[in-house]
Amino acid sequence: MISNFFVLSTRGDTVLAKAYHANPSSSGNTAGTDSNAAHERSHTEAFFRKVKFWTEMEGVVNSNAENGESSSSSNSSMIGGDARATKQNAPPVFRMADGLSYLHVKRNGLIFGCSTARNVSPSFVVELLSRIAKVFKDYCGTLSEEAIRKNFILLYELLDEMIDYGFPQVTQTENLKAFVYNEPIVVENISHTGGLVNPKTASASAVHKPVIASVSADGRRAINKNQKNEIFVDILERLNILFSNSGYILNSSIDGCIQMKSYLAGSPELRLALNEDLVIGKGESASYGAVVLDDCNFNDCVNLSEFDNARTLSFRPPDGEFVVLNYRMTGEFRAPFRLFPNIEETSATVIELSCHVRAEIPENHFGANVTVEIPLPRITAAASANIISSPGAVGVRYEYIAHDQKLLWHFKKFPGGSEQTLKVKITLSAPCTSQTRREIGPISMNFEIPMYNVSNLQVRYLRIAEAIPGYTPYRWVRYVTQSNSYVCRL
């Protein structure tokens, strides 16, 4: 099914690699072993360059090649049409010059990829790569380059059990426990919140524990006499919103999930209760203020016998991290941030752009690691900006990236209920035209809001189904809202 599996770092270094099938082009000749070894050494480098420097023009060339058109004719047509080679994210599946198809997913800055010479189902292989990344995280505690390098013996053992001759075998964390004998070396997780989140709302360090017994960096078994029975619940929501240039919402949706990680001894049955007024399906009648989900799906371990009447889920949590519920919502909801852009042409070669951002979240919440990206015209010669910041904002700065012709506006902390304004002066190397104005934007925004969710989906309670004397679990519930596609047209 797959020929090679590999994990690459952000620099393109091969952290982990395993070959399952020989390169088909090298079979049947005496130098096959040498050429196959050379291919294994070089294919990850070529793949990383392709992913790192993927452009829109390159995607057009690949599609033309698949349709039978020559690369020279497609290049000449793009040059004649004055095409712009804009840098984009590489698709998860593409074909390279060696005749193999490459598939990959990105997790925590690492690239989990594989190559295949067969006509496989792309969604099946992408799901397999996601499962591998999840299993690695469950057994190492945290998913990082350092954790993989220190636990490569354990991870190779897991790979041998999960994939046999390129075909997937066992991908469940709990089912792999019976076959794994190595112990993980715990690596301390690096926090990305920058200390902005209140300690009582941040997830405890126990969420980064491996699912099996571990050893410390010096090789000694890690023994914790105060081991707690803990369970962590994350309500994650990713927003997709499209604004008009006047700040009105044109299209909006929420992709959410309830994710859990259990460290409860004996895996007791749990009961998770959601909003009593929760409605599934837009066509259903709902009272004012009710939470209406378009659709949802549940994990296989969930018992839905009480869901219709009491909105309660019953389940025995499996080992490792798992998703209890996925849901989608397209009804009306309040956007956490609104953008109001304005463009004014002051002279033939000067454009002034202002971007006003208003946080419509409560004052006791804030946006963390906020970035506003403004694409600029190709003929931009220089760009400068003036920031009008409200009190409470932390780490406010901007940077002009001349190579990519874009301006980035950064916030470490964007307080709720505040307004921020950026005024940009764009100097052009040629007179402004209608095409030049169309090249400005759209403005995109990335952010994360801890302990806040837009859909108002709430966990009423999480408890053990049957009372066990002396069994007192610790329950941690966290809400996180993130931007997935947050775009404003100009």
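Note that the structure is a prediction, hence the values are computed from the model and not measured.

An account of the sheet that holds strand E2 (residues 14-19) is requested, with residue identities and associated values reported.
If you trace the five strands from one edge of the open sheet to the other, you get E2-E1-E5-E4-E3, paired in antiparallel fashion. The sheet is open, and its two borders are formed by E2 and strand E3 (93-95), each paired with just one other strand. On average, each strand axis in the sheet is tilted by 20° relative to the strand beside it, whichever way the strands run. Note: strand E1 (residues 4-8) against E2, five bridges, orientation antiparallel. Bridge pairing links Phe6 to Ala17 in E2. Packed on one face of the sheet, helix H4 (residues 122-140) meets E1, E2, E3, strand E4 (101-107) and strand E5 (110-116) and runs near 40° to E4.

I'd love a proper account of the pattern of salt bridges, names of residues and values included.
All told, the structure shown has 20 salt bridges when counted by the stated rule. Of the charged contacts in the structure, one is a salt bridge between Arg478 and Asp234, with a shortest N-O distance of 2.7 Å. Remark: Asp234 occurs in strand E8 (residues 230-243) and Arg478 occurs in strand E26 (residues 474-488); sequence separation between them is 244 residues. Here Arg478 falls in the partly exposed class, since its relative accessible area comes to 27%. Classification of Asp234 as buried rests on a relative accessible area of 14%. Put simply, Glu439 and Arg378 hold a salt bridge, and the shortest N to O gap is 3.2 Å. Of the two residues, Glu439 sits in the loop between helix H9 (434-438) and strand E24 (443-450) while Arg378 sits in the loop between strand E19 (366-375) and strand E20 (380-388), which places them 61 residues apart along the sequence. We classify Glu439 as buried; its relative accessible area is 11%. You can call Arg378 partly exposed: its relative accessible area is 33%.

Which residues make up the packing of H4 against helix H6 (residues 152-162), and what values do they have?
Contact geometry of H4 with H6 gives a least axis separation of 11 Å together with a crossing angle of 140°. Regarding the angle of H4 to H6, the classification is oblique. Handedness of the H4/H6 crossing: right-handed. Seen from H4, the contacting residues are Ile132, Val135, Phe136, Tyr139 and Cys140; seen from H6, they are Leu154, Leu155, Leu158, Leu159 and Met162. When grouped by side-chain class, the residues that make up the contact of H4 with H6 number ten nonpolar, no polar and no charged.

Go over the sheet that holds strand E18 (residues 350-359), please, and point to the residues and values.
Read from one edge of the open sheet, four strands run E17-E18-E23-E20, paired in antiparallel fashion. The outermost strands of the open sheet, each flanked by one partner alone, are strand E17 (337-347) and E20. Direction aside, the axes of adjacent strands within the sheet are offset by 15° on average. Note: E20 against strand E23 (residues 419-428), eight bridges, orientation antiparallel. When the sheet's bridge partners are listed, Ile387 is paired in E23 with Leu422.

So what about the side chain of Thr481? Which residues, and what values?
Here Thr481 lies in strand E26. By relative accessible area, which is 0% here, Thr481 ends up buried. Of note is the side chain of Thr481, whose polar atom sits 2.5 Å from the backbone oxygen of Tyr452. Setting aside residues up to four positions removed in sequence, Thr481 forms contacts with Glu237, Leu239, Phe447, Glu448, Ile449, Tyr452, Asn453 and Val454.

Help me get a handle on the environment of Trp54, residues and values and all.
With respect to the helices, strands and loops of the structure, Trp54 is situated in the loop between helix H1 (32-52) and helix H2 (56-66). For the pair Trp54 and Asn89, spaced 35 residues apart in the sequence, the C-alpha separation amounts to 6.4 Å.

The rules behind each value
- Residues numbered from 1 in each chain as written.
- Predicted model: local features only at pLDDT ≥ 70, side-chain atom pairs only at ≥ 80, totals over all residues.
- Heavy atoms only, no water.
- Pairing = 2+ DSSP bridges.
- Helix = DSSP H or I, 4+ residues; strand = E, 2+ residues; numbered from the N terminus.
- Axes fitted to C-alpha atoms, helices over the stretch in contact; angles between N-to-C directions.
- Contact = heavy atoms within 4.5 Å.
- Salt bridge = Lys/Arg side-chain N within 4 Å of Asp/Glu carboxyl O.
- Buried < 20%, exposed > 50% of the residue type's maximum accessible area, 1.4 Å probe, protein only.
- Parallel < 35°, antiparallel > 145°, perpendicular 65-115°, else oblique.
- Left-handed = near helix turned anticlockwise from the far one by under 90°.
- Nonpolar A, V, L, I, M, F, W, Y, C, P; charged D, E, K, R; others polar.
- Polar contact = N/O pair within 3.5 Å; in protein donor to acceptor, adjacent residues only side chain to side chain.

Keep in mind these numbers describe shape, not what the thing actually does.
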